[in-house]
Amino acid sequence: MDLRRPPRSSSGGVEPKIRQVGFVTPDVSSEPPAPAVPAAAAAAAQPAASSAGSPPASDLSPGSLSPVMIPPPRHADHLAPGSPSPAASASELGDDESWSRAPSAAELEANKGDLAEIRNDNVSASIPQKQKTSKAERRAIQEAQRAAKAAAKETGLSGKSAGTVSGANPAMSKQAKSSKASQKKDVPQAASTAASEKKVTERPPERDRKKDAPHPRMQFDDVHRVEKAKKRAIVNQSEARNRVELFRHLPQYVHGTQLPGLESKFFQLEPMHPSVYKVGLQYLSGEVSGGNGRCIAMLLAFKEAIKDYSTPPKKNLSRDLTAKISSYVSFLIECRPLSISMGNAIRFLKNRIAKLPLTLSESEAKSSLQSDIDRFINEKIVVADKVIVSHAITKVRDNDVLLTYGSSSVVEMILDHAHELGRKFRVIVVDSRPKLEGQGLLRRLVEKGINCTYTHINAISYIMHEVTRVFLGASSILSNGTVYSRVGTASVAMVAHAFGIPVLVCCEAYKFHERVQLDSICANELGDPDIILKVPGKADLGHLKNMADNENLQLLNLTYDATPSDYVSMIITDYGMLPPTSVPVIVREYRKEQLWI
Amino acid sequence: MPDVQPLVREFVLKLKRRKVEGSHAVARQTAELLRSVVSQHRMGSTNQAAALADAIRGVGEQLIAANPIELAVGNIVRRVLHIIKEEDISSTAVGIEGLSVTAESDDEYDSENDDHPTLSAAVLAAHARNALRAPSLQTLLEDIPVSTALSRSASSAGDSDGKSGDKSSKSRKLKHDVIAAIGDLIDEIDTCYDQISEQAVEHIHQNEVILTLGRSRTVKEFLYAAKEKKRSFRVFVAEGAPRYQGHVLAKELVEKGVQTTVITDSAVFAMISRVNMVIVGAHAIMANGGVIAPVGMNMVALAAQRHAVPFVVVAGSHKLCPLYPHNPEVLLNELKSPSDLLDFGEFSNCMNFSTQDGTPLLNVVNPTFDYVPPKLVSLFITDTGGHSPSYMYRLIAEYYSADDLALILSISPSSSRTKAASPRPSPSPAPEKEEMSLTSFLRRLYSKNLSLHSGRLSSTCFLSLFPNFILPN
């Protein structure tokens, strides 16, 4: 973001103080209050503000989102030049020829420096209108905002933060106070509505900033909070037996399936949208799995829910819908803990809701949200995968022996594409209990006529002699370069590293997260422990059948593990191919953009 | 000799069909078989020891050829050969001492006698014993025969009594001594668990977290011993696909009241950062300190190295193999049935046999063993105590005589299917063209396995894996 700010601050002449106050938001986000709080705040505070508020408002092009609010979608520019609408880009995606080179061309070369330049260009292109506002006008806007904000705080919405604000910037707060006083006298009603608007529109930046440091996850060994959570729960959680001491802080896998219980509740769960409900059940039963699959299913369900949503009387769309989405999300969490990619997608959606211009009618807002969701799926997942494939394909040569672990959708696409291109290679599918996802992949590859070898993870040292490349998928990549992926990935990467075989991790950038992790224990997901006892096709392995309730026996079914970054040779993402050390750069540079697309 | 032949054949068949597996069982049965070979052996008038050794060697070759992967067979054969030599020398020495004449002995030791005609018999015997082993640093440096105390009681079992110089009694005595010594060897194989587990308390402290993979009886006894000494510790058991022996071990440990957590093999890396020590069993320990262990062990060892967790291998001395491994992942390995991993029927619908020219699309690899290089092993615990990997060659020299090491290479050309024979496995026999597609599919799956052996053995091995499968002729 630093890259973006200088041109603006120099040309716009915004006082550094103002940014100090705490709205350290990029140009774009500090602007929206103006259009978003059009008349209410401005009119309430000072007459000057109303004139200041108008120019940005005039930028609102009908039918589409405010160009001031959203920086020109960089992706759309790169991916589908001249066709910013999602439909157009989608049609282009259908064309196999174009995606393989067009999207990558710009991004491939886009090193950080280049990107910065592009970015600055874009910013400066979008900024001129804003800069037409004179310094005084801008000042007026700022003051109006501040006044409204202070008024909101004063009315008791959040007294504490108001104190910090005034403490941080006494000069501004003085003015704010004076304006607030007049405001209170004049139109207290307007002030309070303005405050409520403020809360919606102004908060997100603050929230964003807080999110820079990922908030701590729910720790399930905290009895107090677990009790609280249980009260709210829809899915009734039964206590798991014989918990593994090391993993008490994680949500325990709920013993037995709650499917029947949930199904019976289908008609009782009023607030739950049926499509969300369906997705929740699919998570629970394991029908939908895999990072991308789960994310897309969730987003589509939310899209359905938004389509059927109508704002209740006396409620505000953005607030009510956000609450709604939150309740959906907590239901989904109860069904299965969220993956990091889903968390990112939810963050995106909530951000979009919060950023909805108030001028939009309900139907317009809904359709814009739906198209946002579509665009997210398209650009962040579908197109990203294709870009990754186009990058990764350059690493597949004739007579290669490629090893993959488990079943990753991106890796499968890479292998398919390489096969379509007529590359002669062999695939080694390594699999492990209890999910045995590799068998599905193996079946699909063999059906396509790809030469495959199948083995289990214990034989990895045996098979690694033959391998020339290792392609792995990931559930998430954390900002210290740790690859958070299906359990066993770390072992595969480790053995490959020991044999000097390059390890290529394929992961869409929307799965990146600024969280850091060193081991696989602090954060993980526990699967069904009883599956460990059952070995398919081995009826004679009933050794532990009657032991499951023995207090000395614990069963541990981890779902993920963390691969240290030094085992990873390269990460292939939609921004190109990078070393694991560059992950924080991607996270930092593109996170904001991710939220906005 | 003819009397033991059926016994030998039966055991060879068992080995070939993999009816007897596991180093302990194999070692024990081999020793018992060799004992009966010795007892059935008719002693000639001259060169008894050499004749006996030849008989043992002949049987040993058959056994080793039957299952070259079971290194314990070769180990026991070499041990017995070593015993015969030692007994021969000690009885010779006793003979010298008793009669005060130059004893007749094998031509092999004549030169020794010629060189040192004036030495006392005891020194002579000691020197001869030394000659059996690889030269120690001391003898190399000082070039004088030093009488070293024999570590093994077995070799000196019979020398106290019987000072008769009578030839017939002497031959009987040699045989008797050898049989007794083999009996001691069997005892040693049986009691190695006790001796190893005695050391458990020295290595396991309170609240230790131990990780193990699969099931090894030695590990089980080791942990039991620590538990009996009131140590409380926690064990992570990786299940050890595709045999899932870890489940058995977990059950046994739980019954003993040990806190046990079963994890999948893939979770080893995730868990090893919280583990204090890895204790595993082995299939064989090679002379360089490398370990042939159940499949998956190299992964565990690498993970342990990454997190600086001690990797401890417990193994009885019958698992010490005097050979140096070459390409052990391939040459000292065995591929098992793919049905452990995939059901045969499961993928039949997506296989198109008509288009493929004998190279099916799907291969399934299911190896049995893993090779752990010595640098990944922190400690070996054998029945003689703890040793570092770099010391193993010396420990091994205690048990075997140097000229027996190449036992396998001396086999006649007809049985050249040996572990050390060729660096590259010989090509597998070309399958008959008219075989049905399933056969070629299965053959392909086993090509790696078959290429380890050749000729008849391959089909035997094949059939042993598929007892119900009828090869079309």
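No experiment lies behind these values; they were computed from the predicted model shown.

Focus: the side chain of A:Gln554
For step 1, the next point in the chain: Of note, A:Gln554 is situated in strand E9 (residues 553-556).
For step 2, the next point in the chain: The buried category is assigned to A:Gln554, whose relative accessible area is 6%.
For step 3, the next point in the chain: A distance of 3.2 Å separates the side chain of A:Gln554 from the side chain of B:Gln259, its partner in a polar contact.

What to know about the sheet that holds strand E10 (residues 560-563) of chain A
The strands making up a sheet associate through backbone hydrogen bonding, with each pair oriented either parallel or antiparallel.
All names here are of chain A.
For step 1, the next point in the chain: The mixed open sheet is built from four strands, whose spatial order is E8-E5-E6-E10. Edge strands, defined here as strands with exactly one partner in the open sheet, are strand E8 (512-513) and E10.
For step 2, the next point in the chain: Relative to strand E6 (residues 483-486), strand E5 (residues 476-478) runs antiparallel, the two being bridged by two bridges. Bridge assignment links Ile477 to a residue of E6, and that residue is Val483.
For step 3, the next point in the chain: Its contacts with the sheet put helix H26 (residues 489-498) on E6 and E10, and the angle it makes with E10 is roughly 30 degrees.

A short note on the pattern of salt bridges
For step 1, the next point in the chain: Counted by the stated rule, this structure contains 27 salt bridges over all chains.
For step 2, the next point in the chain: With a shortest N-O distance of 3.1 Å, A:Glu508 and A:Lys511 are connected by a salt bridge.
For step 3, the next point in the chain: Given a relative accessible area of 5%, A:Lys511 falls into the buried group.
For step 4, the next point in the chain: Residues joined in a network through salt bridges with shared partners are B:Arg18, B:Glu21, B:Glu334 and B:Lys336.

What about the interface of chain A and chain B?
It is common to report an interface's size as the accessible area lost on association of the parts.
For step 1, the next point in the chain: Taken together, the contact pairs 62 residues of chain A with 59 residues of chain B.
For step 2, the next point in the chain: Here chain A and chain B share an interface that buries about 5,000 Å² over both sides, 62% of which is from carbon and sulfur atoms.
For step 3, the next point in the chain: Interface area lost by chain A to chain B is led by A:Asn458, A:Tyr462 and A:Asn552, which between them contribute 15%.
For step 4, the next point in the chain: One can count three salt bridges joining chain A with chain B.
For step 5, the next point in the chain: Across the pair B:Arg306 and A:Asp566 runs a salt bridge, and its minimum N-O distance is 2.7 Å.
For step 6, the next point in the chain: Taken together, the connections running from chain A to chain B amount to 24 residue pairs in polar contact (both at pLDDT 80 or more).
For step 7, the next point in the chain: Residue assignment for the side of chain A that touches chain B shows that the elements contributing at least two residues are helix H24 (438-447), strand E3 (451-456), helix H25 (460-463), H26, E9 and E10 of chain A.
For step 8, the next point in the chain: The dominant element in the side of chain A that touches chain B, judged by the number of residues it contributes, is E3(A), at six residues.

Observations regarding helix H19 (residues 291-307) of chain A
Residues and elements named next belong to chain A.
For step 1, the next point in the chain: With 17 residues, H19 should reach 24 Å at 1.5 Å per residue; the first-to-last C-alpha distance of 24 Å fits that figure.
For step 2, the next point in the chain: Among the residues of H19, those classed as buried are Asn292, Arg294, Cys295, Ala297, Met298, Leu299, Ala301, Phe302, Ala305 and Ile306.
For step 3, the next point in the chain: Against the buried residues of H19 lie helix H18 (274-285), helix H20 (317-335), helix H21 (340-354), helix H22 (362-392), helix H23 (409-420) and E10.

Some remarks on the environment of B:Ala406
For step 1, the next point in the chain: Position of B:Ala406 among the secondary structure elements: in the loop between helix H15 (392-399) and helix H16 (437-445).
For step 2, the next point in the chain: Each C-alpha atom, one on B:Ala406 and one on B:Arg78, is 9.8 Å from the other, the two residues being 328 residues apart in sequence.

Things to note about the packing of H19(A) against H22(A)
Residues and elements named next belong to chain A.
For step 1, the next point in the chain: Where H19 meets H22, the axes come as close as 9 Å, and the angle between the chain directions of the two elements is 165 degrees. Here H22 runs roughly antiparallel to H19, going by the angle between their axes. For the pair H19 and H22, the sense of crossing is left-handed. Counting all contacts with H19, which are made through Asn292, Cys295, Ile296, Leu299, Leu300, Phe302, Lys303, Ile306 and Lys307, the residues of H22 involved are Lys366, Leu369, Gln370, Ile373, Asp374, Phe376, Ile377, Ile381 and Asp385.
For step 2, the next point in the chain: When the residues that make up the contact of H19 with H22 are grouped by side-chain class, the tally is 11 nonpolar, two polar and five charged.

Re the confidence of the model for chain A
In low-pLDDT segments, the atomic positions of the prediction should not be examined closely.
All names here are of chain A.
For step 1, the next point in the chain: Looking at chain A, pLDDT values average 71 and 57% of them are 70 or higher.
For step 2, the next point in the chain: A low-confidence stretch, residues 1-131 stays under pLDDT 50, and its non-local contacts, those more than four residues away or across chains, total 177 contacts.
For step 3, the next point in the chain: Considering only residues more than four positions removed or in separate chains, one finds that residues 156-208, a stretch of pLDDT under 50, has 64 contacts.

Remarks on the sheet that holds strand E10 (residues 379-382) of chain B
For step 1, the next point in the chain: Here eight strands make up an open sheet; going across it, the order is E9(A)-E3(B)-E2(B)-E1(B)-E4(B)-E7(B)-E10(B)-E11(B) and the pairing mixed. The sheet terminates laterally at E9 of chain A together with strand E11 (385-387) of chain B, the two strands that pair on one side only. Pairwise comparison of adjacent strand axes, ignoring direction, gives a mean angle of 25 degrees for this sheet.
For step 2, the next point in the chain: Here three bridges tie strand E7 (residues 311-314) of chain B to E10(B), and the two strands are oriented parallel to one another. Bridge pairing in E10(B) places B:Val312 opposite B:Leu379.

Overview of the nonpolar core
For step 1, the next point in the chain: Counting residues in hydrophobic clusters, the biggest one holds 88 residues, and the most contacted among them are A:Leu403, A:Val470, B:Val278 and B:Phe311.
For step 2, the next point in the chain: Look past the residues within four positions of B:Val278 in its chain and what remains in contact with it is B:Leu211, B:Ile272, B:Val300, B:Ala304, B:Val309, B:Pro310, B:Phe311 and B:Val312.
For step 3, the next point in the chain: Counting 40 residues, the second-largest nonpolar core is a separate cluster that includes A:Tyr277, A:Leu332, A:Leu360 and A:Leu369.

Digging into the confidence of the model for chain B
All names here are of chain B.
For step 1, the next point in the chain: Within chain B, residue pLDDT values average 75, and 67% of them lie at 70 or more.
For step 2, the next point in the chain: Of all the helices and strands in chain B, helix H18 (residues 456-465) carries the lowest mean pLDDT, 38, while strand E4 (residues 277-280) carries the highest, 96.
For step 3, the next point in the chain: Note on residues 100-119: pLDDT is under 50 here. Beyond four places in sequence and across chains, it has 23 contacts.
For step 4, the next point in the chain: Across residues 144-165 the pLDDT falls below 50, and counting only partners more than four positions away or on other chains, this stretch makes 37 contacts in the model.
For step 5, the next point in the chain: Interface scoring of the predicted complex returns ipTM 0.75; its pTM is 0.70.

Topic: H23(A)
Residue and element names in this part refer to chain A.
For step 1, the next point in the chain: The terminal C-alpha atoms of H23, which comprises 12 residues, lie 16 Å apart, in line with the 16 Å expected from a rise of 1.5 Å per residue.
For step 2, the next point in the chain: Listing the buried residues of H23 in full gives Val410, Val411, Glu412, Ile414, Leu415, Asp416, His417 and Ala418.
For step 3, the next point in the chain: Two residues or fewer past H23, Gly422 is found with a positive phi of approximately 85 degrees.

Rules of the game
Residues numbered from 1 in each chain as written. Chains lettered and ligands numbered in written order. Predicted model: local features only at pLDDT ≥ 70, side-chain atom pairs only at ≥ 80, totals over all residues. Heavy atoms only, no water. Helix = DSSP H or I, 4+ residues; strand = E, 2+ residues; numbered from the N terminus. Buried < 20%, exposed > 50% of the residue type's maximum accessible area, 1.4 Å probe, protein only. Polar contact = N/O pair within 3.5 Å; in protein donor to acceptor, adjacent residues only side chain to side chain. Pairing = 2+ DSSP bridges. Contact = heavy atoms within 4.5 Å. Axes fitted to C-alpha atoms, helices over the stretch in contact; angles between N-to-C directions. Salt bridge = Lys/Arg side-chain N within 4 Å of Asp/Glu carboxyl O. Buried area = accessible area lost by both parts, 1.4 Å probe. Expected span 1.5 Å × (residues − 1). Parallel < 35°, antiparallel > 145°, perpendicular 65-115°, else oblique. Left-handed = near helix turned anticlockwise from the far one by under 90°. Nonpolar A, V, L, I, M, F, W, Y, C, P; charged D, E, K, R; others polar. pLDDT = per-residue confidence, 0-100. Core = buried A, V, L, I, M, F, W, Y, C linked by side-chain atoms within 4.5 Å.

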